[in-house]
Amino acid sequence: MATLVSFHAHPDDECIACGGIIRKAAEEGHRVVLVVATRGERGEIPVGLLNQGEELWQRRVAETHASAQMLGVQRVEFLGYTDSGMMGTPANDAPGSFWTAPVDEAAKKLATLLEEEGADVLTCYDEHGGYGHPDHIQVHRVGMLAAELAGTRRVFQSTINRDQILRGREMFADPTADSDMETPDIDDETFGMPESIITAAVDVTPYLDYKRRAMRAHASQISEQSFFLAMPDDAFAYGFGTEWFIREGQGPGITETDLMA
């Protein structure tokens, strides 16, 4: 059996991006470790969500542990940086933000965990973090360097298949529908990566129930009206039933379908 370390920017990223491969690895008997760079301090706070004296980060840490349990994660670690907020906001430059952290410093922290766990596989993000969030970009930079420092050879960059999303938007769009579902604003040029440079596609449809339940564990950020939870089952299976990755030295085209093989 092997050890998978899945590295993410904020609480809830783990189930959205890699919930399927995490649960798959756990069910196959592999050890799974979740590392999160920040505690999601800059997330939205729904009215009435927090108890008196409770801070958002505390709720999001608890949600992460609940999600991790559903996905079969055996260890959860936070690197201790502060959520940097969306690109171009003052929070980017706040002291302690992940975006301002020296890459080598953060990479050494992650590399220590990789070495301690004897990690066989690391997941991080693609070079623009899927959709340009500063903390996601930093996960790519830190993850790639940490793997180099620790000698972790199999590094998979989690990404979004832009072409798949655009095809699905046409397939499932219903201009006559009257819905309160919250949907993301997709910039065709910066959202995800083109299918042509993706090298790994993992079918996670057997684990979609776990993936969606893990999303529900992050109730502070993923409401029942969000497209993650409100979309029909067939659309959810299309959009989230395959998890996509890029591994340097592989391709062209899809050459791997199991990160732990």
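For every chain, the first residue of the written sequence is number 1, and numbering continues from 1 onward in sequence order. Under the rules for a predicted model, residues below a pLDDT of 70 receive no local features and side-chain atom pairs below 80 are neither given nor counted, while totals for whole chains, interfaces and linings still include all residues. Side-chain numbers here rest on the full set of heavy atoms in the structure, without hydrogens or water.

## As for helix α6 (residues 208-217)
Inference 1: Burial classes follow relative accessibility: with a 1.4 Å probe on protein chains only, a residue under 20% of its type's maximum area counts as buried, one over 50% as exposed, and anything between as partly exposed. Strands here mean DSSP runs of E at least two residues long; helices mean DSSP runs of H or I at least four residues long; both are numbered from the N terminus. Inspection of α6 places L208, K211, R212, A214, M215 and A217 among the buried residues, and these make up the whole buried set.
Inference 2: Buried residues along α6 sit in contact with α1 (13-27), α2 (56-71), α7 (227-230), α8 (233-240) and β7 (242-246). When checking whether two residues touch, look at their non-hydrogen atoms; a contact exists if any pair is within 4.5 Å.

## Re empty space enclosed by the protein
Inference 1: Lining residues are defined by having an atom within 4 Å of a point belonging to a cavity or pocket. Those points lie on a 1 Å grid over the protein atoms alone, cavities being sets where a 1.4 Å probe fits but cannot get out and pockets being open sets with protein on both sides within 12 Å along at least five of seven lines. Grid points are joined across faces, edges and corners, and a volume is the space filled by probe spheres set on the points. Within the structure shown, the criterion is met by 1 cavity of 30 Å³ or more.
Inference 2: Its boundaries defined by the atoms lining it, the largest cavity holds a volume of some 50 Å³.
Inference 3: Contributing to the lining of the largest cavity are I21, K24, A25, E28, V202, D258, L259 and M260.
Inference 4: Per-element accounting of the lining of the largest cavity gives the leading share, 3 residues, to α1.
Inference 5: Ten residues, namely Ala, Val, Leu, Ile, Met, Phe, Trp, Tyr, Cys and Pro, are considered nonpolar, four, namely Asp, Glu, Lys and Arg, are considered charged, and the remaining ones, Gly among them, are considered polar. Residues of the lining of the largest cavity, tallied by class, amount to 5 nonpolar, no polar and 3 charged.

## What about unusual backbone geometry?
Inference 1: Cis geometry is found at the peptide bond from G251 to P252, where omega equals 5°.
Inference 2: Topologically, P252 is positioned in the segment after β7.
Inference 3: Of note in the backbone geometry, D12 takes a positive phi value of approximately 95° without being a glycine.
Inference 4: Among the structural elements, D12 can be located in the loop between β1 (3-8) and α1.
Inference 5: D12 gets classed as buried once you look at its relative accessible area, which sits at 9%.

## Description of the packing of helix α5 (residues 162-172) against α8
Inference 1: Lines fitted to the C-alpha atoms define the axes, with helices restricted to the stretch that makes contact. Angles between their N-to-C directions range from 0 to 180 degrees. Two elements in contact, α5 and α8, have axes whose closest approach is 10 Å; the angle formed by their N-to-C orientations is 165°. In this view, α5 runs roughly antiparallel relative to α8, as classed from their interaxial angle. Seen from above, α5 lies across α8 with right-handed handedness. Judged by residue contacts, Q164, R167, G168, M171 and F172 of α5 engage D234, A235 and Y238 from α8.
Inference 2: For the contact of α5 with α8, the per-class residue count stands at 4 nonpolar, 2 polar and 2 charged. When describing relative orientation, an angle under 35 degrees is termed roughly parallel and one over 145 degrees roughly antiparallel, while 65 to 115 degrees is termed roughly perpendicular and anything else oblique. Helix crossings are classified by the rotation of the near helix relative to the far one: an anticlockwise turn of less than a right angle makes the crossing left-handed, while a clockwise turn makes it right-handed.

Distances and angles like these do not, on their own, reveal function.
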